[in-house]
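Structural characterization, general
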Amino acid sequence: MAFSMAQLLAGKTAVVLGVANKWSIAYFIASAFVREGASLVLTYQGERQRQTVEEFGAELKAAKVINCDVTKQNELDNLVSQLRDAAPSIDAVVHSIAFANREELSRPFLETSREGYLLAQEVSAFSLVAVARALTPLMTNGGSITTLTYLGSTRVVQNYNVMGVAKAALEACVRYLAGDLGPKQIRVNAISAGPIKTVSARGIKDFSKVLEGVAAIAPLRRNTDPAEVADTAVFLASDLARGVTGNIVFVDSGFQIVGLGLSE
Ligand code: NAP
């Protein structure tokens, strides 16, 4: 079938944080952004990831690939100065970053350590504030900031534990940032993705059982495809979503509406 549709992100520059490997949700988002005509900047965390992400950058014709550990203010400052050189302005930011120690995702939540709690909050929630504060001065034409969250923010999901609490904070950060940045026509939203097999997800004990459970009872009777998350990220970064801010958009085969799932 021959049909054409205008590219939704033509003329826009997007910064995508959180590509670690080809399973990363951020990699699917970056690929979809390029398909829709965006010019791309990728960031990675530390030397260990540099070669992989530079290869993705070359494949996706990224304007720049920049090192940025979001817990380090000097690296955020360096990101800003490199972006000032590379792009006149930024239109879209995707924050696809989270971390918690593996032991916090297998023992009871009650056993959460002080250090583990603070680490999860810093990397997974405060980093959105830090990234927004660093990059919004470059968003001179308004634009969109999108982060990734999960249902464990509002429901008890076994073993998600400290990450659920961090996602609750992240979602509140989305709303407060949307409030602050709205007058500048900068929109802030989160995508709440259904479970997807990535390196981060493998850190959660019994993750494959979660995948099976969702596919059995979600309205669409299947798991979430990362490409579906990426297409929603395209929408949120595009002018089609110009009226949407402070939202949590579920891309989860409908799982979040189910009360008592009875699989057949
Ligand atoms: P992933 O590929 O492991 O991505 C997580 C990314 O966070 C990695 O690129 C990781 O880099 C980065 N990161 C961690 N600490 C960082 C730091 N201090 N500075 C900069 N980057 C840092 O896993 P993913 O599943 O795609 O996760 C992306 C986002 O989606 C996360 O927010 C996650 O919570 C969310 N999410 C995932 C699912 C799921 O089921 N997979 C569902 C809903 C939401 P390194 O690998 O180099 O540390």
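Treat the numbers as computed from the prediction; the structure is a model and nothing was measured.

**Quick look at the nonpolar core**
Ranked by internal contacts, the top residues of the largest apolar core, which has 35 residues, are Leu17, Leu83, Val93, Leu135 and Ile145. Mapped onto this core, the elements with two or more residues apiece are strand 1 (13–17), helix 3 (73–86), helix 4 (114–135), helix 5 (161–181) and strand 6 (186–193). Beyond its immediate sequence surroundings of up to four residues, leucine 17 is in contact with Ala26, Thr43, Val70, Leu79, Val93, Val94, His95, Ser96, Ile97 and Val131. One finds Val19, Phe33, Leu42 and Val94 within the second-largest nonpolar core, a separate group that totals 33 residues.

**Observations concerning the sheet that holds strand 3 (residues 64–67)**
Taken together, the seven strands give an open sheet; going across it, the order is 3-2-1-4-5-6-7, and neighbouring strands pair in parallel fashion. The sheet is open, and its two borders are formed by strand 3 and strand 7 (248–251), each paired with just one other strand. Strand after strand, the sheet turns through a mean of 20 degrees between neighbouring axes, direction not considered. Here helix 3 sits on the sheet in contact with strand 1, strand 2 (39–44) and strand 3, set at roughly 165 degrees to strand 3.

**Digging into the pairing of strand 1**
Extensive coverage of strand 1 is indicated by the burial of five of its five residues. Side chains Thr13, Val15 and Leu17 project from strand 1 onto one buried face, and the interleaved Ala14 and Val16 project onto a second face that is buried too. Where strand 1 and strand 2 come together, five bridges link them in parallel fashion. Across the sheet, residue alanine 14 finds its bridge partner in strand 2, namely leucine 40. Between strand 1 and its parallel partner strand 2, the chain crosses via helix 1 (residues 25–35), and the hand of that crossover is right-handed. Pairing between strand 1 and strand 4 (residues 92–95): four bridges, direction parallel. Bridge assignment links alanine 14 to a residue of strand 4, and that residue is alanine 92.

**Overview of the site of the ligand**
Residues in close proximity to the ligand total 28 residues, the closest being Ser24, Gln45, Ile196, Thr198 and Ser200. In the environment of the ligand, a nitrogen atom lies 3.0 Å from a nitrogen or oxygen atom belonging to the backbone of valine 70. In this structure, an oxygen atom belonging to the ligand sits 2.5 Å away from a side-chain N or O atom of threonine 198. Bound to the protein, the ligand loses 91% of the 880 Å² it would expose on its own.

**Re the packing of helix 1 against helix 7 (residues 226–237)**
Remark: helix 1 packs on helix 7, axes separated minimally by 8 Å, with the N-to-C direction vectors making an angle of 55 degrees. Put simply, helix 1 runs oblique to helix 7. With respect to the hand of their crossing, helix 1 and helix 7 are arranged in right-handed fashion. Along its contact with helix 1, which presents Ile25, Phe28, Ile29, Ala32, Phe33 and Arg35, the element helix 7 presents Pro226, Ala227, Val229, Ala230, Asp231, Ala233, Val234 and Ala237. In terms of residue class, the contact of helix 1 with helix 7 is built from twelve nonpolar, no polar and two charged.

**Details of empty space enclosed by the protein**
A complete count under the given rule lists one cavity of 30 Å³ or more for this structure. Of the pockets and cavities examined, the largest cavity occupies roughly 50 Å³. Around the largest cavity, the lining residues are Tyr150, Leu151, Ser192, Ala193, Gly194, Pro195, Phe250, Asp252 and Phe255. Residues of the lining of the largest cavity, tallied by class, amount to six nonpolar, two polar and one charged.

**As for helix 6 (residues 207–217)**
Of the positions making up helix 6, those classed as buried are Phe207, Leu211 and Val214. Across the axial projection of helix 6, the buried residues extend over an arc of 70 degrees, all falling on one side. When the buried face of helix 6 is taken as reference, the exposed residues oriented beyond 90 degrees from it are Lys209 and Glu212.

**Side note on the environment of alanine 233**
On the secondary structure map, alanine 233 appears in helix 7. Separated by 201 residues in sequence, alanine 233 and alanine 32 place their C-alpha atoms 8.5 Å apart. Among all residues touching alanine 233, those that are not within four sequence positions of it are Ile29, Phe33 and Ile191.

**Quick notes on the side chain of aspartate 91**
If you trace the backbone, aspartate 91 turns up in the loop between helix 3 and strand 4. Although aspartate 91 is buried, it makes no salt bridge; lysine 12 carries the closest opposite charge, 5.2 Å away. Engagement of the side chain of aspartate 91 in a polar contact is seen with the backbone nitrogen of threonine 13, the distance being 2.8 Å. For aspartate 91, the contacting residues outside a window of four places in its chain are Gly11, Lys12, Thr13, Met139, Asn141, Gly142, Gly143 and Ser144.

The rules behind these values
- Residues numbered from 1 in each chain as written.
- Predicted model: local features only at pLDDT ≥ 70, side-chain atom pairs only at ≥ 80, totals over all residues.
- Heavy atoms only, no water.
- Core = buried A, V, L, I, M, F, W, Y, C linked by side-chain atoms within 4.5 Å.
- Buried < 20%, exposed > 50% of the residue type's maximum accessible area, 1.4 Å probe, protein only.
- Helix = DSSP H or I, 4+ residues; strand = E, 2+ residues; numbered from the N terminus.
- Contact = heavy atoms within 4.5 Å.
- Pairing = 2+ DSSP bridges.
- Axes fitted to C-alpha atoms, helices over the stretch in contact; angles between N-to-C directions.
- Right-handed = clockwise from strand over helix to strand, strands pointing away.
- Near = heavy atom within 4 Å.
- Polar contact = N/O pair within 3.5 Å; in protein donor to acceptor, adjacent residues only side chain to side chain.
- Areas by Shrake-Rupley, 256 points an atom, 1.4 Å probe, with all protein chains shown as cover.
- Parallel < 35°, antiparallel > 145°, perpendicular 65-115°, else oblique.
- Left-handed = near helix turned anticlockwise from the far one by under 90°.
- Nonpolar A, V, L, I, M, F, W, Y, C, P; charged D, E, K, R; others polar.
- 1 Å grid on protein atoms, 1.4 Å probe; cavity = no way out; pocket = protein on both sides within 12 Å on 5 of 7 lines; lining within 4 Å.
- Points joined across faces, edges and corners; volume = space filled by probe spheres on them.
- Arc of directions from axis to C-beta.
- Lys, Arg positive; Asp, Glu negative; His and termini not counted.
- Salt bridge = Lys/Arg side-chain N within 4 Å of Asp/Glu carboxyl O.

These figures come from the coordinates and say nothing about function on their own.
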